[in-house]
Amino acid sequence: MDYFSLCLEIFCLIGQSVIHIIFSSRLTGKKRKIEDFAIYFFLLCLIEWFFKPFFFSEIFAIGAQLIVLYGMNCLKMGNRSSVSCVIAILTIYITQLSFGIINSVEGMVFPCLIGNPMLYLLLLLATLTAFLISVCCYETVLKVLSLIEGHHTPFIGLLLFPGFFFFATEFYILNTSYHFVPSMLSSVEIGKHMMLLLLQVLGLVAFFCSLYAYRGICQGFQTQAMLDSLTEAARVQKIYVAEAQIRYNQTKGFRHDIKNHLSVLDGLLNSGKWEEGKSYLRKLEKVSDSLTFPCQTGNPVVDILLGEKLGMAKAKGIRTEVFLLLPQFCDVDDFDLCVIFANAMDNAIHACQWLHEEKFIQITGEQQGDFYRLTFENACLDEPLPPVGTGLSNIRTVAEKYHGTMLIEKVENRFSLHVLLDISLHPKSISIQKSCNYF
């Protein structure tokens, strides 16, 4: 091997090390370190040196490179096995494809330049062009696909089989058609390279079509999951509304009959029937208790929902505090309020149930000018924030519907969810803080 070939090979290994690590880290949202580039470059050099003398060395070398890139993603970047496998195949396939396209062009042009000093410059430009094609392909993949943890990537294996097929096809083309460069060109050779170039371009198009199809599948599953969640939420909210209406009618009937109850109680007391009067009074207290809510927020539907959720929290030993009075005479839909409170309480209860120390949930509400702010705070494990799930996504959707926003924050073992709703288009209401402790 001459010095030019050696330098060109080292340059290719350095270029692959840089673009492979950068692409893998950007695709998964993981941080990259200088040592990652150094380790990967060293391993690529080791593979190139070790497998060079072997028969079918290209097969062993490319297999080892797949394993190394898979290991870098798994061990150094902490990606899941399935994700690491897909990244390794896609990354090396794009590099192979880029050099394969350039090889097709070289096969049609370079035999005419053998012995010409310009050949070295053209080889260097061809290599740079191959890397440029790789970078363009990587950027396109990043716009279409994201494998960041928490993103909806169901059935990641769907990318594995088409990706491996494209990879194997390109590997076969490279190792059967470009092993030897003919010393002179014929019309047959030119036609062969043109056909190979067309096949590789079509393979690239098919590859990106597969990525777009996979993204569509993911979005379809995500939309279906959100639709199922909203359908279930709507069903539950209808139950809350119906129960609130029943409670309202019962309370209305009790108030209508209160004079009769007081007359009966007065008669018993005037007749000296103290025990009967006490018994009748206890019955009235039970009826009155059954018509009240643990918290009175000013919205009967939210009162019903909170009554159920606070009961669940009490059963799990969670201390709860509510300081809240919702705005009156504003057009915030009961369904939207229930989406906020139901998802926020479910998440808070789920976070608390894994704790052994003090468990608490605190809900506060406050009007600030033209906005109303709801704050849900709860105890949680001292771990990094989890990805935003369907519940928080639904809350954000409701907040944006009322020109507001959602903010989450975590300080040690305390998680806070803030929901801001714009009520400027609705009649102003006075927000009075009311406390309800429930344990």
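We now turn to the structure provided with this report.

What counts as what
Residues numbered from 1 in each chain as written. Predicted model: local features only at pLDDT ≥ 70, side-chain atom pairs only at ≥ 80, totals over all residues. Heavy atoms only, no water. Helix = DSSP H or I, 4+ residues; strand = E, 2+ residues; numbered from the N terminus. Expected span 1.5 Å × (residues − 1). Core = buried A, V, L, I, M, F, W, Y, C linked by side-chain atoms within 4.5 Å. Buried < 20%, exposed > 50% of the residue type's maximum accessible area, 1.4 Å probe, protein only. Contact = heavy atoms within 4.5 Å. Axes fitted to C-alpha atoms, helices over the stretch in contact; angles between N-to-C directions. Parallel < 35°, antiparallel > 145°, perpendicular 65-115°, else oblique. Left-handed = near helix turned anticlockwise from the far one by under 90°.

1. Let's talk about helix 1 (residues 3-28)
Part 1: Here helix 1 is 26 residues long and its end C-alpha atoms lie 38 Å apart, about the 38 Å a rise of 1.5 Å per residue gives.
Part 2: Looking at the residues trailing helix 1, positive phi occurs at G29, about 75 degrees.

2. Focus: the nonpolar core
Part 1: In terms of nonpolar packing, the biggest core is built from 53 residues, with L27, V141, L145, L147, F207 and L211 touching the most fellow members.
Part 2: For this core, the elements supplying multiple residues, two or more each, are helix 1, helix 2 (34-51), helix 3 (57-76), helix 4 (81-109), helix 5 (118-144), helix 6 (157-177) and helix 7 (187-270).
Part 3: The dominant element in this core, judged by the number of residues it contributes, is helix 4, at 13 residues.
Part 4: Apart from residues no more than four positions distant in its own chain, L145 is found in contact with L27, L90, L159, L211 and Y214.
Part 5: One finds V302, C338, I361 and V419 within the second-largest nonpolar core, a separate group that totals 44 residues.

3. Side note on the packing of helix 1 against helix 5
Part 1: Between helix 1 and helix 5, the shortest axis-to-axis distance is 11 Å and the interhelical angle comes to 10 degrees. Our classification of the angle between helix 1 and helix 5 gives roughly parallel. Residues F4, L8, F11, C12, G15, Q16, I19, H20, F23, R26 and L27 of helix 1 form the contact with helix 5, whose own contacting residues are Y120, L123, L124, T127, L128, F131, S134, V135, Y138, E139, V141 and L142.

4. Description of the packing of helix 4 against helix 6
Two measures define how a pair of helices packs: the angle their axes make with one another and the distance between the axes.
Part 1: With their axes 9 Å apart at the nearest point, helix 4 and helix 6 run at an angle of 30 degrees to one another. Crossing angle aside, the handedness with which helix 4 passes helix 6 is left-handed. Contacts from C85, V86, I89, L90, I92, Y93, Q96, L97, G100 and N103 of helix 4 reach helix 6 at L159, L160, G163, F164, F166, F167, E170, F171 and L174.

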